Protein chains: 2
Amino acid sequence: MAAEFMRVSPQEIEAESFRIISEKLDEMGIVLPEKEAPIIKRVIHTTADFSFAETLTISDGAIDTMRNLIENAATIVTDTNMTLAGINKKRLEQYGVRIKCFMSDEDVAREAKERNVTRASVSVERASLISGPVIYSVGNAPTALIELDELIKKRQMNPAFIIGVPVGFVNVEYSKELFRNSKIPHIINWGNKGGSNVAAAIINAIVYGM
Amino acid sequence: MAAEFMRVSPQEIEAESFRIISEKLDEMGIVLPEKEAPIIKRVIHTTADFSFAETLTISDGAIDTMRNLIENAATIVTDTNMTLAGINKKRLEQYGVRIKCFMSDEDVAREAKERNVTRASVSVERASLISGPVIYSVGNAPTALIELDELIKKRQMNPAFIIGVPVGFVNVEYSKELFRNSKIPHIINWGNKGGSNVAAAIINAIVYGM
C-alpha cells in the first residue's frame, strides 16, 4: 500500500526513491540508456511524473560535454531564480563554475518593458556578453529559447550547451522544435512539460555523477 | 498545430496560457469550483500537468482563511529555497508577510545529522518557535509533514494553514493522508505529485487573487 509508512533513514530516502523509480520503469517496460538513466530518474524523482522517461532527450555525447564544461569552469545561466535556488551551488563552485540569473535585475525589467519583449529574452542578450563558455538553462520561458535561436542564427551568441525544458502552453513546443536538429549539445524535454525544478534536477544529476 | 508560432505580446502570454488551460479542462469535462479554479489553473500553468485538476484539494473556506492570514501579516515558512525563490515576495511583503526557510541554515544541517533526522523535520521544530500565525508550505519533504503532524498532536505547534504538496515515492502519500481529516485549513495534492514549484504556484495564485 502506497500510504503505509516506510521506515527509511534520512540518508537512505533518496536511494530508496531511486530504487522505486527503477522498479516502476521496469514494470512499464522502459529501458533507459545507462548513461542517461541517472538524469532521467532524477527528473522523475523531482516530479513523480514518469512521462519524462519518454520525452526527455539528451543529444549524443552531451553528458560528457557538460561534465567537461563544468570541469573547465563554464558559466551557467538560468532563466529563473527557482532553478538558481535549486541547483547544488556548493558542488558547482568547487569547479569554479559561476551561476547567473538576470531575470530579476531591475534594468532587465526596465528594458523589457520599453522594448515590449519578455525579461527572458533581454536576459539572453545579457548572457551573450559573458566571456567564456555558457551553459544556458531554460526551465520556464520559451521566449528565452526563441531569443537564443535568433542570436545563434545572427552569430551573436554561441552557447556551449542548452538545457531546454520550458513549460507551458504558448510557444513552448515551438521553442523546443527550433533545436530539434541543433548541433549545440542539448538536453530537451519535448512537449509542454518542463519547469525550473526539472532544469535544476538535470544540472544536479550531472554534477552528482562527476 | 502545437508547434506553430503564436504571436502573443509579453503581457498577454499568461492570459493566453490560462485560456488554453480552461479550454482543455472544458474538453476534458472537468468543471472546477469558481473560487478554486485560479489556484488549480496556476498549478497546471506551472507544470503543464492536468492531473492536478483531479488531485489538488482545498479544504472548505481555506482560500478566505489564507487571504486573511496574509492580510494580517502571518509568517510563511517554506521547506525549500526553491519555493522561497518562486513566490512573489514583493506582493507578500506589502502585507507585512515574512517568509522563512530554515533548510540551508547550518545549525539545522548539523542538528539533523546529530539526531539522524531530516533537515526538513528540524526546520519544522524551528518554525514551531515563531510567534504569530504560520502558513507552513511543504513542497518537497514528506518528513516535514510527518513532523508537523507529530508536533500538532503533542500540542507543540499549531500552524494556521498547511500547504501539503511534497513530491516523491517514500512516505509522500502517507504524509498527506495524515491530514486527510485535519481541521487545520489546508491545500493538499493527493498522490505522489507536488513540488516546490507547485507550492509557489499555490501561494502566488492566492496573492494574485487578493
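Keep in mind the model is a prediction, meaning the values are calculated, not measured.

A. Molecular detail of the sheet that holds strand β5 (residues 161-164) of chain B. Residues and elements named next belong to chain B. The six strands lie next to each other as β1-β6-β5-β4-β2-β3, forming an open sheet whose pairing is mixed. This sheet does not close on itself; its edge strands, each paired only once, are β1 (56-58) and β3 (98-100). When strand polarity is set aside, the average angle formed by the axes of neighbouring strands in this sheet is 15°. Pairing analysis gives four bridges linking strand β2 (residues 75-78) to strand β4 (residues 134-138), with the strands arranged parallel. Looking across to β4, one finds that Ile-76 is bridged to Ile-135. Strands β1, β4, β5 and β6 (186-189) of the sheet are contacted by helix α4 (residues 62-71), whose axis makes an angle of about 115° with β5. The strands that helix α8 (residues 119-127) touches are β2 and β4; relative to β4, the one it contacts most, it runs at about 175°.

B. Focus on the environment of B:Ser196. With respect to the helices and strands, the residue B:Ser196 is situated in helix α11 (residues 196-208). Classification of B:Ser196 by relative accessible area gives buried; the value is 8%. Residues B:Ser196 and B:Val167, 29 residues apart in the sequence, show an inter-C-alpha distance of 8.5 Å. Leave out the neighbours within four places in its chain, and B:Ser196 touches A:Met82, B:Thr80, B:Met82, B:Thr83, B:Gly139 and B:Asn140.

C. Inspection of unusual backbone geometry at higher detail. You will see that A:Ala48, though not glycine, has its phi angle at about 55°, which is positive. In this structure, A:Ala48 sits in the loop between α2 (37-47) and α3 (52-55).

D. Here's a closer look at the sheet that holds strand β4 (residues 134-138) of chain A. All names here are of chain A. Ordered in space as β1-β6-β5-β4-β2-β3, the six strands form an open sheet in which the pairing is mixed. In this open sheet, the two edge strands, each paired with only one partner strand, are β1 (56-58) and β3 (98-100). Within the sheet, the average angular offset between the axes of one strand and its neighbour, ignoring direction, is 15°. Judged from the three bridges that link them, strand β5 (residues 161-164) and strand β6 (residues 186-189) form a sheet pairing that is parallel. Note on β6: the bridge partner recorded for Ile-162 is His-186.

E. Representation of the interface of chain B and chain A. Listed as interface residues are 42 residues of chain B and, on the opposing side, 42 residues of chain A. Roughly 3,300 Å² is buried in total at the junction of chain B and chain A, and carbon and sulfur atoms are behind 71% of that figure. Ranking the residues of chain B by area buried against chain A places B:Met82, B:Phe169 and B:Val170 at the top, with a combined share of 23%. Where chain B touches chain A, the interface holds zero salt bridges. Summed over the shared surface of chain B and chain A, the number is five residue pairs in polar contact (both at pLDDT 80 or more). Of all elements in the fold, only α1 (13-27), α2 (37-47), α5 (81-86), α9 (142-153), α10 (172-177) and α11 of chain B reach the threshold of two or more residues within the side of chain B that touches chain A. Taken together, the residues of the side of chain B that touches chain A sort by class into 20 nonpolar, 16 polar and six charged.

F. Quick look at the relation of the copies chain B and chain A. If you rotate chain B by 180° and push it 0.0 Å along the axis, it lands on chain A with an RMSD of 0.0 Å. Those values place the two copies in the arrangement expected of a two-fold rotation axis. Scanning chain B for the C-alpha nearest the rotation axis identifies B:Met82, at a separation of 2.4 Å. Mapped onto chain A, 100% of the interface residues of chain B are again interface residues, and the two copies thus contact each other with one and the same surface.

G. Quick look at the environment of B:Trp190. All names here are of chain B. Turning to its location among the elements, Trp-190 is positioned in the loop between β6 and α11. Sequence separation between Trp-190 and Glu-54 is 136 residues, and the spatial gap between their C-alpha atoms is 8.9 Å. Looking at Trp-190, its side chain comes within polar contact range of the side chain of Thr-57, at 2.6 Å.

Reading the values: the criteria
Residues numbered from 1 in each chain as written. Chains lettered and ligands numbered in written order. Predicted model: local features only at pLDDT ≥ 70, side-chain atom pairs only at ≥ 80, totals over all residues. Heavy atoms only, no water. Pairing = 2+ DSSP bridges. Helix = DSSP H or I, 4+ residues; strand = E, 2+ residues; numbered from the N terminus. Axes fitted to C-alpha atoms, helices over the stretch in contact; angles between N-to-C directions. Contact = heavy atoms within 4.5 Å. Buried < 20%, exposed > 50% of the residue type's maximum accessible area, 1.4 Å probe, protein only. Buried area = accessible area lost by both parts, 1.4 Å probe. Salt bridge = Lys/Arg side-chain N within 4 Å of Asp/Glu carboxyl O. Polar contact = N/O pair within 3.5 Å; in protein donor to acceptor, adjacent residues only side chain to side chain. Nonpolar A, V, L, I, M, F, W, Y, C, P; charged D, E, K, R; others polar. Least-squares fit on C-alpha atoms with pLDDT ≥ 70 in both.

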